[in-house]
Amino acid sequence: MRLFLALLSLSLIWGMSFMFIKILVPAVGPMGVVFYRCLFGAIAILVYLIAKGRVSNLFKKLPWGSLILVGMLNALIPWGLIAFSEERISSSLAAALNATTPLFTGILGALFFSRVLKARQWSGVIIGFIGILFLIEFDVGSFFQEDWVGIVPMLVATACYGYASQFAKKNLANVPVDIMAIMTLTVGAVGGAIMMLITGDAPSFTPIIERDILLSLIGLGVFGSGIGYLLFFYMIQKGTAEFATLVTYLVPVTALFWGSALLGEAVTLPMIVGLLFIFTGVYLSGRKTKTERNHLRKTA
């Protein structure tokens, strides 16, 4: 139950992320989005660590190589690609493409990490993806009308998420969730600052004093990156990489919720059908059999 609550909470947080990115990219650029969201997120987790008296854990022996790789593949590279992508495609299409993450997670897990998904889990992934098609009203033709220079980076970003999630599950199982999250965001912030310097667009704090920009950074950085990655890595450690990445199926759903609640956008019949498919897919993929639950209790 805690895993499903974490999944729902993260989907609500990330449901507004693509809107925030759309607002931030014109002001700070793609790598600026990476730098600021990672910086704000890392600061938020640092405050949490100080409050909990856990800062000393940052100086303990850690698997730095693995943490740096996860930081690059789970923050620096995909977030830069997503911001670049949203300069060229709509935020709704970006959210739909982001939902390919569970597919990449399953495929890359089988190819590189000896992961074997049961038929029930694969059926859940496929049913969830069909739900995404309902959300976009099967308008697959719109993909071909969009700028492929924007679509391809989005797909590469989801593949990065899939690989990083499997890698973290296998190699970082003993690293505390909050330490993993702050290290990931620190790598993203440092890498984002370096890339801004290389491209000649040095980090500037001037744009963030504007109200809409600052609120977007708080939403995307503190909540979407800081709190978001605490929940995400929690689901990877306590569940599976495949389960954690199912959040990308729920993100378009919560985006619809926010659009209806805050902007008065209409919810259509295909959207409702899509929601049912997605919830069914998430349930099938995340449900554990009695044997699996007993095994978890014995190994806990």
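Residues numbered from 1 in each chain as written. Predicted model: local features only at pLDDT ≥ 70, side-chain atom pairs only at ≥ 80, totals over all residues. Heavy atoms only, no water.

Visitor: Before we go on, may I ask you to explain the overall build of the chain in this structure?
Guide: A tally of helices and strands in the chain yields 15 helices and zero strands. Considering only contacts in the chain between residues 6 or more positions apart, those separated by 24 or more positions represent 90%. On the chain, roughly 14,000 Å² of surface is accessible, and the fraction owed to carbon and sulfur atoms is 70%. (Helix = DSSP H or I, 4+ residues; strand = E, 2+ residues; numbered from the N terminus. Contact = heavy atoms within 4.5 Å. Areas by Shrake-Rupley, 256 points an atom, 1.4 Å probe, with all protein chains shown as cover.)

Visitor: Would you mind going over the pattern of salt bridges with me for this structure?
Guide: Any two side chains of opposite charge can pair if their charged atoms end up close together. Overall, the coordinates contain four salt bridges when judged by the stated rule. Arg 211 is the partner of Asp 212 in a salt bridge, and the nearest nitrogen-oxygen pair spans 3.4 Å. According to the relative accessible area criterion, Arg 211 is exposed, its value standing at 65%. (Salt bridge = Lys/Arg side-chain N within 4 Å of Asp/Glu carboxyl O. Buried < 20%, exposed > 50% of the residue type's maximum accessible area, 1.4 Å probe, protein only.)

Visitor: What am I meant to see in helix 3 (residues 30-52) here?
Guide: Think of an α-helix as turning once every 3.6 residues; residues three or four places apart then point the same way. When the terminal C-alpha atoms of helix 3 are compared, their 33 Å separation across 23 residues agrees well with the 33 Å that a helix rising 1.5 Å per residue should span. Downstream of helix 3 by a residue or two, Gly 53 has a phi angle that is positive, lying close to 70°. (Expected span 1.5 Å × (residues − 1).)

Visitor: How do you make sense of the side chain of Thr 101 when you look at a structure like this?
Guide: Inspection of the secondary structure assignment puts Thr 101 in helix 6 (residues 101-112). One polar contact links the side chain of Thr 101 to the main-chain carbonyl oxygen of Asn 98, over a distance of 2.7 Å. When residues no more than four places from it in sequence are discounted, the contact partners of Thr 101 are Thr 158, Tyr 161, Gly 162, Thr 245 and Thr 248. (Polar contact = N/O pair within 3.5 Å; in protein donor to acceptor, adjacent residues only side chain to side chain.)

Visitor: Would you mind going over the packing of helix 6 against helix 9 (residues 148-171) with me for this structure?
Guide: The packing of two helices is summarised by the inter-axis angle and the distance between the axes. Closest axis-to-axis distance for the helix 6/helix 9 pair is 8 Å, and the angle between their directions is 50°. Taken together, the axes of helix 6 and helix 9 lie oblique to each other. Remark: the crossing between helix 6 and helix 9 carries right-handed chirality. Counting all contacts with helix 6, which are made through Thr 101, Phe 104, Thr 105, Leu 108, Gly 109 and Phe 112, the residues of helix 9 involved are Leu 155, Thr 158, Ala 159, Tyr 161, Gly 162, Tyr 163 and Gln 166. The residue makeup of the contact of helix 6 with helix 9, split by class, is seven nonpolar, six polar and no charged. (Axes fitted to C-alpha atoms, helices over the stretch in contact; angles between N-to-C directions. Parallel < 35°, antiparallel > 145°, perpendicular 65-115°, else oblique. Left-handed = near helix turned anticlockwise from the far one by under 90°. Nonpolar A, V, L, I, M, F, W, Y, C, P; charged D, E, K, R; others polar.)

Visitor: How do you make sense of a nonpolar patch on the surface when you look at a structure like this?
Guide: Judged by side-chain polarity, Leu 214, Leu 215, Ile 218, Phe 223 and Ile 227 come together as a nonpolar surface patch covering roughly 390 Å² of accessible area. By relative accessible area, which is 32% here, Leu 214 ends up partly exposed. (Patch = residues over 30% accessible without salt bridge, like charges linked within 9 Å, V, L, I, M, F, W, Y side chains within 5 Å.)

Visitor: For this particular structure, what's the right way to read the nonpolar core?
Guide: It is characteristic of soluble globular proteins that their nonpolar side chains tend to be buried jointly. Trp 14, Trp 79, Ile 82, Tyr 229, Phe 232, Phe 233 and Met 235 are the most contacted members of the largest nonpolar core, which has 79 residues in total. When near neighbours in sequence (up to four residues on either side) are disregarded, Ile 82 contacts Phe 18, Ile 21, Met 154, Ala 157 and Tyr 161. (Core = buried A, V, L, I, M, F, W, Y, C linked by side-chain atoms within 4.5 Å.)

Visitor: In this structure, what is going on with the packing of aromatic side chains? I would like to understand it.
Guide: Ring pairs (aromatic) are described by centroid distance and by the angle formed between their planes. Following the criterion strictly, the structure yields 11 aromatic pairs and no others. Centroid distance Phe 35 to Tyr 36: 5.1 Å. Interplanar angle 65°. Geometry classified as edge-to-face. For Phe 35, a relative accessible area of 10% puts it in the buried group. Judged by relative accessible area, which is 1%, Tyr 36 ranks as buried. (Phe/Tyr/Trp six-rings, centres within 6.5 Å; stacked < 30°, edge-to-face > 60°.)

Visitor: Would you mind going over the packing of helix 3 against helix 4 (residues 64-85) with me for this structure?
Guide: Relative orientation of the contacting elements helix 3 and helix 4 amounts to 135°, with a least axis distance of 8 Å. Taken together, helix 3 and helix 4 sit at an angle that is classed as oblique. Every pair of crossing elements has a handedness; the one defined by helix 3 and helix 4 is right-handed. Of helix 4, the residues touching helix 3 (which contributes Pro 30, Met 31, Val 33, Val 34, Arg 37 and Cys 38) are Ala 75, Leu 76, Trp 79, Gly 80, Ala 83 and Phe 84. Split by residue class, the contact of helix 3 with helix 4 holds 10 nonpolar, one polar and one charged.

Visitor: Explain unusual backbone geometry here, please?
Guide: Negative phi is the rule for most residues except glycine; trans is the rule for most peptide bonds. Residues other than glycine seldom take positive phi values, yet Ser 114 does so here, at roughly 55°. With respect to the helices and strands, Ser 114 occurs in the loop between helix 6 and helix 7 (119-135).

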